[in-house]
Structure formats: C-alpha cells, structure tokens
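Summary of structural features
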Amino acid sequence: RRRRLCRAPRTSCPCGPCSSFSRTVVTQRALIAQGAALVRPGGRLVFATCSVLHDEGEAQLDAIPAGFVPCGHETLLPHVHGTDGFFLASWTRA
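Read on for a plain summary of the structure. Bear in mind the structure is a predicted one, so any value in this text is a computation, not a measurement.

1. Considering the pairing of strand β4 (residues 86–93)
Direction of pairing for strand β2 (residues 44–49) relative to β4: antiparallel, over a ladder of six bridges. In the strand pairing of β4, Ala48 is matched with Leu88.

2. Focus: helix α1 (residues 21–37)
Compared with the 24 Å implied by 1.5 Å per residue over 17 residues, the 25 Å span of α1 between its first and last C-alpha is a close match. Listed as buried for α1 are Thr24, Val25, Gln28, Ile32, Gly35 and Ala36. Buried residues along α1 cover an arc of 110 degrees about the axis, so they all sit on one side. Opposite its buried face, α1 presents the exposed residues Arg23, Val26, Gln34 and Ala37, each directed more than 90 degrees away.

3. Considering the pattern of salt bridges
Pairs may arise between side chains of opposite charge once their charged atoms sit close together. One pass over the full model with this rule turns up one salt bridge. Salt-bridge contacts for Arg29 lead to Asp62; the nearest nitrogen and oxygen are separated by 2.7 Å. Separated by 33 residues along the polypeptide, Arg29 in helix α1 and Asp62 in the loop between β2 and β3 (68–76) bring together distant segments of the chain. Take Asp62: its relative accessible area is 59%, and that puts it in the exposed class.

How each quantity is defined
- Residues numbered from 1 in each chain as written.
- Predicted model: local features only at pLDDT ≥ 70, side-chain atom pairs only at ≥ 80, totals over all residues.
- Heavy atoms only, no water.
- Pairing = 2+ DSSP bridges.
- Helix = DSSP H or I, 4+ residues; strand = E, 2+ residues; numbered from the N terminus.
- Expected span 1.5 Å × (residues − 1).
- Buried < 20%, exposed > 50% of the residue type's maximum accessible area, 1.4 Å probe, protein only.
- Arc of directions from axis to C-beta.
- Salt bridge = Lys/Arg side-chain N within 4 Å of Asp/Glu carboxyl O.

If you want it as structure tokens, here you go:
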C-alpha cells in the first residue's frame, strides 16, 4: 500500500502513573513496526495518538525502522489549536 496510518492506543491516565502505561508504549512501538512493514517504497507511514505525553508521542519517533525519511511531526494542544490533544508524525519509505 502507498499509505499506512497507525492510530495508536493511548493510556487513560495522563495525570499520573498508570499500570497500563508501559504496555501501551510497547504496543505503540509494535504497531509502528507492523505498519512500517506494509508500506511500499515511496509510500507514507503516519503515526497518530490522542495523547500529548512525551513517551506516547515524540519518544516514539526513534521506533521507525531504517529506510524511512521523516516528513515532520506536531503536537496539537487544546489551548493552542482548539482541538483535543494529539501527536502526529509521518515518514516516507525510501
């Protein structure tokens, strides 16, 4: 496929420790790897999660396998963008 969207799950505890937090981060990384494997050369992988937590967003940027070129990423914040909180990133497969 030319495009693949990884809409990753997020934890439900943004304000404190949560027992499922580390599992969610591991699941996100697995989904990124699975989605990346399905992208053809020249295709795009998009990662999105409705979280503004660093570990569920920017920290996932290093999970992208070799051979992908970053297209950019952005964190959307309710008080800035008038949306729920989201993290979005995309890459093109070389």
